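Chain by chain, the residues:
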Amino acid sequence: MSQQTKVLFQSQLEEWELAKINYEALAGVESKEFSFGEFIVKVQFNPARIQSSAAKVDTQSIQERKCFLCSNNLPAVQKGIPFGENYQVLVNPFPIFPKHYTIPTYEHTDQLILDRYSDMLDLAKELDECTIFYNGPKCGASAPDHAHFQAGSKGFLPLESDMKTITKDLIYKTNGLNVYAINSYLRNSFLLEAENKEDVVIFFKQLYSLMELKGDDKEPMMNIVTWYESDKWYSWVLPREIHRPACFYAEGDDNILISPASVDLGGVFITPLEKDFRKITAVDISHILKEVCISDDKMQSIINDIKKL
């Protein structure tokens, strides 16, 4: 599968001018980084991502636009390859990663993870040169009405190496699964480390049931980043408190157009506007992360419940 995606990637860059231009532009993307002791957070100035960062995801806006992940609405030049019976792998023409794919279902159906988490693990194993990520319908998905994952070049997100070195607490264990709580990362979250796929799928469903379901939402707010390495799955689950931080809606100098999704939370903040790239500070990043992630009290409550399992 990895070889097939490489062939797809090369052919799309040869045939699709928009994709070619945007991937070439990545070479000139500016970035900087901030240190937070045990970890860093990078900031990338990427103007092509404005469509995603500023996407209108309210119900009316979704209903009024054609779904850009449905096969019938794809540009004629955009080609895909099948993954299993239900998904296709597409080259993302607005990249963050050196290789960036979108993996939508053929069927137009809501972006929900519970019954698709197993598919995410399969993708991570098949596309083992990529990290797979899921943005919930109110957690950065610019197509909350169409189920999809994304995949990007492994090693790009600081998260992957951070998980090897960051302070974490083992809170649950079976023969094929270790579950860690991470609460010294500005992002209260969980790392699921698994040799056995069935074990981690069962635990994920239990974790899902312990997370808060808000209002009329169809699932708890969350982002997930998963990769497969040395015969193990690593799945980072981050419960969310809110969709967008106050600075997204602020006016004047207080405005920063940041709509955090898996990539931002994985340690690469995407700023599509140069003004924000220039002015953002470590304090801003800390405030944004604390604002969109769950509180220490809510995190501890979930941990307490896990320990009762």
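Preceding block: the structure.
The following refers to the structure shown. Bear in mind that the values here come from a model prediction, so they are computed numbers and not experimental data. (Residues numbered from 1 in each chain as written. Predicted model: local features only at pLDDT ≥ 70, side-chain atom pairs only at ≥ 80, totals over all residues. Heavy atoms only, no water.)

Digging into the sheet that holds strand 2 (residues 40-45)
Strand order in the open sheet formed by three strands is 1-2-13, and the pairing between neighbours is mixed. The open sheet has two edge strands with one neighbour each: strand 1 (30-35) and strand 13 (268-271). Taken pair by pair, the neighbouring strands of this sheet meet at an average axis angle of 20°, ignoring direction. Note that strand 2 and strand 13 share four bridges and pair parallel. Its bridge partner being in strand 13, Val 43 is matched across the sheet by Phe 269. Across the sheet, helix 11 (residues 282-292) touches strand 1, strand 2 and strand 13, and the angle it forms with strand 13 is around 100°. (Pairing = 2+ DSSP bridges. Helix = DSSP H or I, 4+ residues; strand = E, 2+ residues; numbered from the N terminus. Axes fitted to C-alpha atoms, helices over the stretch in contact; angles between N-to-C directions. Contact = heavy atoms within 4.5 Å.)

Digging into the state of the cysteines
When the sulfur atoms of two cysteines share a covalent bond, that bond is a disulfide. Going through the model one piece at a time under the given rule, you end up with zero disulfides. Cys 67 carries a free sulfur, and the closest cysteine sulfur to it, the one in Cys 70, is 3.8 Å from it. (Disulfide = S-S within 2.5 Å.)

A closer look at unusual backbone geometry
Phi at Leu 186 takes a positive value of approximately 65°, unusual for a residue other than glycine. Note that Leu 186 resides in the loop between strand 9 (177-182) and strand 10 (189-194). By relative accessible area, which is 19% here, Leu 186 ends up buried. (Buried < 20%, exposed > 50% of the residue type's maximum accessible area, 1.4 Å probe, protein only.)

Concerning helix 11
Looking only at helix 11, the buried set comprises Ile 285, Ile 288, Leu 289 and Val 292. Burial along helix 11 is one-sided: seen end-on, the buried residues are contained in an arc of 95°. Exposed residues on helix 11 whose side chains face more than 90 degrees from its buried face are Val 283 and His 287. Buried-residue contacts for helix 11 involve strand 1, strand 2, helix 8 (246-249), helix 9 (262-265) and strand 13. (Arc of directions from axis to C-beta.)

Observations concerning helix 5 (residues 117-126)
Restricting attention to buried positions, one finds in helix 5 the residues Tyr 117, Met 120, Leu 121, Leu 123 and Ala 124. For helix 5, the angular spread of buried residues about the axis comes to 160°, placing them on one side.

Observations concerning the nonpolar core
Tyr 117, Phe 190 and Leu 192 are the most contacted members of the largest nonpolar core, which totals 51 residues. Considering each element in turn, this core owes the most residues, six residues, to helix 7 (residues 197-210). With 37 residues, the next largest nonpolar core counts Phe 39, Phe 133, Leu 265 and Leu 289 among its residues. (Core = buried A, V, L, I, M, F, W, Y, C linked by side-chain atoms within 4.5 Å.)

Thoughts on the pattern of salt bridges
Oppositely charged side chains may form a pair once their charged atoms are brought near each other. The tally for this structure, following the rule as stated, stands at 16 salt bridges. The structure contains a network of salt bridges with shared partners spanning Glu 212, Lys 214, Glu 241 and Lys 298. (Salt bridge = Lys/Arg side-chain N within 4 Å of Asp/Glu carboxyl O.)

Notes on the pairing of strand 9
Counted residue by residue, strand 9 has six buried out of six residues, so it is predominantly covered. On strand 9, burial covers both faces: Leu 177, Val 179 and Ala 181 on one face and Asn 178, Tyr 180 and Ile 182 on the other are all buried. As judged from the five bridges shared by strand 8 (residues 169-174) and strand 9, these two strands associate in the antiparallel manner. Residue Leu 170 lies in a different strand from strand 9, and its bridge partner there is Tyr 180. Hairpin connection, strand 8 to strand 9: the antiparallel pair is bridged by two residues.

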